[in-house]
Amino acid sequence: MARKENIRNFSIIAHIDHGKSTLADRLLELTQTVSKRDMTDQLLDNMDLERERGITIKAHAVKLDYKANDGTQYELNLIDTPGHVDFNYEVSRSLAACEGAVLIIDASQGVEAQTLANTYLALDHDLELVPVINKIDLPAADPDRVAAQVEEVIGIPCDEAPRVSAKTGENVSEVLESIVKLVPPPEDNDEKPLRALIFDSVYDSYKGVIVYVRIVDGKIKAGDTMRMMATGAEFTVVEVGYMRPNAMEPAKELTSGEVGYITASIKTVSDARVGDTVTTAQRPAAEPLEGYRKVNPMVFCGVYPADGADYENLHDALEKLQLNDAALSFEPETSGALGFGFRCGFLGLLHLEIIEERLEREYNLELVTTIPSVIYKIHLTNGEIKEIDNPSNYPDPAIIDYCEEPTVEAHIYSPPEYVGAIMDLCQDRRGSYIGMTYLSADRVDLHYKLPLNEIIYDFFDALKSRTRGYASFDYEPAEYQRSSLVKLDVLLNGDIVDALSFIIHSEKAYPRARKIAEKLKENIPRQMFEIPIQMAIGGKVIARETVKAMRKDVLAKCYGGDITRKKKLLEKQKEGKKRMRRFGTVEVPQEAFMAVLKLDDE
Amino acid sequence: MKKIGLYLHIPFCRQKCSYCDFYSFSASEEQKGRYCDCLRSSILTSCKALQQRKPCKADTLYIGGGTPSCLGAKRLESLVNTAKSAILTEDAQITVECNPFGTDEDFFKILNGCGVNRISMGLQSAVDGERVILGRISDKNQAEKAVLAAQKAGIFNISLDIMLGIPNQDKESLSRTADFCLQLGVPHISAYMLKLEEGTPLYRNAGKYSFPDEDMTADLYLQLCETLSSHGIMQYEISNFAKPGYESRHNLKYWRCEEYLGLGPSAHSFIDGKRFYYPRDWEYFLDGKPPVPDGNGGGFEEYAMLALRLSEGLSEERVIKRYGHKIPMSMREKARRFESGGFLISDSSGIRFTRKGFLVSNSLLAELL
């Protein structure tokens, strides 16, 4: 068993693309946790999706053995964190299990939006910060300037901050030395009753739920009866151990200050909630540890199986994903247009996209999703307040007194030359200006209040394209504000398609309606009868397009007496019809739904 | 006695047209001779085997391809005579598909002499610019000469193929092609819409051309239907038009779900409720290997799919006679919406498509069946 003073628990935090996963890779190599031979890039990002997108979605933990320059053997527990604004919640979970955090700053870009956001999160958890200036190999690197900026903006000393290149490996060993030197060891609380913080859990089909914990007080070993303090559920511990990059390493016991895993044949993830405290039935702790702030989904949409027969599979898949992703919420809903599906809640649009992609890839599901919505507060004339995230629950406008929509406070960091473009964008998105601060001569922090529903579609993409990728963006939820909202309905052949309705600011309704009508026209194939597409508010049509009736769909020459070929063609045609969504007499392909979701911002 | 149709496939062409994906290639004289011998022996053995199972005759012979005319008159004569001796009735309609190129009066005289009484000729277009795009080896004048030669030789039942939807084709150019046919006085016209088939030169070069769009092609079709009917050439199938009495009896067998025997690579057959075919492989056929089964045929859905290609449509009386039940109510109900849309007529005599319905028959069939 390692002595407490030789244990260091730390996270790495950084703005996206500042090299977090690459640095983690180098640390694994340097400590020979992974041999060069087994090294794949971004080892901790073991989801395909994470590697492809170059982002970390899930927290990952790994134990490193490190022999410091003075000869002391250390046990380092690295808890990797996601870098995107949608996943602050995951970051917060990881940080709660640590005493310190390595803060990476890109030597050419300097302090960015998430650098600050993550720093504040780390300070909230009383973590010791270890600043590291990365990417010194880049031609545009200016470590002196960036060090000065960090001292000025964040207020932590940087003169001894390691200046490294995670890519080439230069100076990376200094990072390990700084961790050992700066991050305090955990307290020795072995004698107290067990309290272990669950910071993550994954479902394994053989072992059941694997619970990742940070032991704060006491010890735990196989055979103990563990108790979840929030739910009271009890399990017999089957195995405890440490996380290694490619395997789990069983151990005799886990003691205070350590990071490891517990398996106990736990069948459902809801029994091992992230943020809960584990204690033992034999000697229970009096008080649980402080849990995480509960995350509330901010973005909602309907998720439906393309094939109605997949409803149960979708349900199972969502349950499994939720096991590892407490931020995902879902409940059954029914749509006249799409049948049975789920109303799902997400942290943000990236979160939504990732869940969708994982459902499609890992569970082989084909999905149709509806337009994302936020939670609106509708004040009725009778004084009642309705909170709705689903346009189908939008009340009759006649009984609405007024509406409120959620806002966020956003910080946009950018080189000064793009300030005008960003202001235009924020204005277009109904933002209200709060202020502007020069962080340095080449970095401006623009502070805006924006309606959340304006940033959930494509704000980030629009920002990137208007600033050639130089701007970064971070936001936190702010208060609700009064707003003039309307519900926009799509009518095909005179019938409302409920799955396409959405709530929008009245000023935005007309251009958006026109764009959607055009998109639908492009994506609905010509059919036997002409199809009017109407966009309406209440009963009033504000935009209209028409899909002309099909004129020609006929088999050319009959190939001799080859009737089978004709029959196959007919079967194929019927099969194709089955894959369409049918609304009355109108058939709409899945692509049309997708096209409406992906309205580009021209 | 049962009357079946006999089809012989001639997989040879002098040169492949740019749009064609039928099974054909250019062959040497030696190959043509060998193939004819093989086909003749196949006619004799297959017909004999068939007649041993049940007494039957064929009242149509259709020699298609490829380009049967490139076999030469003598070889065609030998094929016809073999078929006659094996299975044909006295009054059989005997059709040979011909290319204007390489056919003259002597050629047609020999055919007429052995009993060929119908010629189907690929014209596609009487506008030479359009013919070039389609890769036709002859020009308009040669086509005209060939028709006149056949008529001079005594064959008046001539069908010309017209293609719709050729690059650059418009109403004016189509009417030139239609006038050309009308002036020659042929009693039968087939009009097919050009379909880009993968793997053909036209498919590969499609980007170079401007094709009439869906609406234009539909308008061309309607224009042609109108022109022909005003000259007494009536539509009897989606793509076929004839003066009364000049319909292709052989092709009607396909659409009425009657029996036929097809010999040669890629030829299809329907006998005793079974469909079968020879693969698109000429060696396979020369080796004398048996046809490949293609499942059962003749079920109601298939029958309806084929019957609805015809102007006479799906006849209540024939359905009752063949299947012992009426046209299903579900189909009648589905038809109602399309009847009010002008796509079809559903009455006591049956269901039949209008021209508007023919144009979208694939979708219509998928809705009804």
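Here the structure is shown first, and the text comes after it.
Residues numbered from 1 in each chain as written. Chains lettered and ligands numbered in written order. Predicted model: local features only at pLDDT ≥ 70, side-chain atom pairs only at ≥ 80, totals over all residues. Heavy atoms only, no water.

What follows concerns the overall build of chain B. A count of helical and extended segments in chain B gives 15 helices and 15 strands. Contacts in chain B between residues at least 24 apart in sequence constitute 69% of all its contacts with a sequence separation of at least 6. Just so you have it, chain B exposes about 14,700 Å², and 50% of that area is on carbon and sulfur atoms. (Helix = DSSP H or I, 4+ residues; strand = E, 2+ residues; numbered from the N terminus. Contact = heavy atoms within 4.5 Å. Areas by Shrake-Rupley, 256 points an atom, 1.4 Å probe, with all protein chains shown as cover.)

Within soluble globular proteins, side chains that are nonpolar tend to cluster in buried spots. Counting 122 residues, the largest nonpolar core has Ile 87, Phe 108, Ile 119, Leu 314 and Met 331 of chain B as the members making the most contacts within it. Here this core takes seven residues from helix α1 (residues 29-53) of chain B, the largest share from any one element. Of the residues that make up this core, three or more belong to each of domain 1 (2-254) and domain 2 (314-369) of chain B. Apart from the residues within four sequence positions on either side, Met 331 of chain B is in contact with Phe 300, Ala 304, Leu 308, Leu 314, Ile 351, Leu 368 and Leu 369 of chain B. If you look at the next biggest cluster of nonpolar residues, it comprises 86 residues, including Leu 349, Ile 400, Ile 412 and Ile 542 of chain A. (Core = buried A, V, L, I, M, F, W, Y, C linked by side-chain atoms within 4.5 Å. Buried < 20%, exposed > 50% of the residue type's maximum accessible area, 1.4 Å probe, protein only. Domains from an automatic or database assignment.)

So, about the environment of Gln 32 of chain A. Residue and element names in this part refer to chain A. Tracing the backbone through its elements, the reader meets Gln 32 in the loop between α1 (20-30) and α2 (48-53). Here Gln 32 falls in the exposed class, since its relative accessible area comes to 67%. Residues Gln 32 and Tyr 66, 34 residues apart in the sequence, show an inter-C-alpha distance of 8.5 Å.

This brings us to unusual backbone geometry. When glycine is set aside, most residues are seen to have a negative phi, and most peptide bonds are trans. Cis geometry marks the peptide bond from Gly 65 of chain B to Gly 66 of chain B; its omega dihedral reads 25 degrees. Following the sequence through the fold, Gly 66 of chain B ends up in the loop between β2 (56-65) and α2 (73-86). In this model, Asp 126 of chain A sits at a positive phi of 60 degrees, which is unusual for a non-glycine residue. The residue Asp 126 of chain A is located in the loop between α4 (113-124) and β5 (128-134) in this model. In this structure, Asn 171 of chain A takes a positive phi of about 65 degrees despite not being glycine. Its place among the elements puts Asn 171 of chain A in the loop between α5 (143-153) and α6 (172-182).

Residues and elements named next belong to chain B. For the structure on display, the rule yields zero disulfides over all chains. Cys 13 takes part in no disulfide bond, and the closest cysteine sulfur, belonging to Cys 20, lies 6.1 Å away. Judged by its relative accessible area of 11%, Cys 13 is buried. (Disulfide = S-S within 2.5 Å.)

The next subject is the side chain of Thr 119 of chain A. All names here are of chain A. Considering the arrangement of structural elements, one finds Thr 119 in helix α4. In this structure the side chain of Thr 119 is engaged in a polar contact, spanning 2.5 Å, whose partner is the backbone oxygen of Thr 115. Not counting chain neighbours up to four residues away, the residues in contact with Thr 119 comprise Ile 13, Leu 103, Leu 129 and Ile 154. (Polar contact = N/O pair within 3.5 Å; in protein donor to acceptor, adjacent residues only side chain to side chain.)

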